[in-house]
Amino acid sequence: QVQLVESGGGLVQSGGSLTLSCVASGTISNILSMAWHRETPGNQREMVAYIDSIGGTKYGDSVKGRFTISRDSPKKTAFLRMGNLKPEDTATYYCRMTLRKTPTTLPSDFWGQGTQVTVSS
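Keep in mind that this is a model prediction, so the values were computed, not measured.

Engineer: Help me understand the pairing of strand S8 (residues 77-82), please; the structure alone is not making it clear to me.
Structural biologist: On any regular strand, side chains alternate: one points to one face of the sheet, the next to the other face. As judged from the 6 bridges shared by strand S3 (residues 18-25) and S8, these two strands associate in the antiparallel manner. Bridge pairing in S8 places Ser21 opposite Phe79. Pairing geometry for strand S7 (residues 67-72) and S8, over 6 bridges, is antiparallel. Bridge pairing links Ile69 to Leu80 in S8. Counting the residues between successive antiparallel strands, the hairpin from S7 to S8 contains 4 residues, one of them, Lys76, with a positive phi of roughly 55°.

The structure is reproduced here in structure tokens:
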């Protein structure tokens, strides 16, 4: 079984910074991509940042220049460095990894349980 566990969420003042981490465990052959999404009540989950297997990244327009995604592949860990946080960044943040459980299985998406980030004004 594959499990993703996020950490690092919390309460921060506007303009502050937080770094989220997501560690994968279980039967994993290789992780193709890692991403962070966020969701607020009544809204769809949106992709915040994405990193592929060779380090290529993509960001949502609302976080470009403020957030940085990175990965430590041997440790099966994704990071999201969030800077210059704004109240509108308040959300539950979810980690997603696309991975193969064995070399011959098709890639599948796995999600973490979410971590709350609250930015006060």
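We are not done yet, so read on.
Engineer: How should I be thinking about the sheet that holds S3 in this particular structure?
Structural biologist: Across a sheet, paired strands are connected by hydrogen bonds in the backbone, their directions being either parallel or antiparallel. Pairing within the open sheet is antiparallel, and its 4 strands lie in the order S1-S3-S8-S7. Two strands close off the open sheet at either side, each with one partner strand: strand S1 (3-7) and S7. Averaged over all neighbouring strand pairs, the angle between strand axes comes to 15°, with direction disregarded. Where S1 and S3 come together, 5 bridges link them in antiparallel fashion. Pairing of Leu4 across the sheet is with Ala24, part of S3.

Engineer: How should I be thinking about unusual backbone geometry in this particular structure?
Structural biologist: The phi torsion at Lys76 lies on the positive side, around 55°, for a residue other than glycine. The topology assignment puts Lys76 in the loop between S7 and S8. Looking at Lys76, the relative accessible area reads 28%, which means it is partly exposed. Residues other than glycine seldom take positive phi values, yet Asn84 does so here, at roughly 45°. Note on placement: Asn84 falls in the loop between S8 and strand S9 (91-100). Overall, the relative accessible area of 45% leaves Asn84 in the partly exposed class.

About the thresholds
Residues numbered from 1 in each chain as written. Predicted model: local features only at pLDDT ≥ 70, side-chain atom pairs only at ≥ 80, totals over all residues. Heavy atoms only, no water. Pairing = 2+ DSSP bridges. Helix = DSSP H or I, 4+ residues; strand = E, 2+ residues; numbered from the N terminus. Axes fitted to C-alpha atoms, helices over the stretch in contact; angles between N-to-C directions. Buried < 20%, exposed > 50% of the residue type's maximum accessible area, 1.4 Å probe, protein only.

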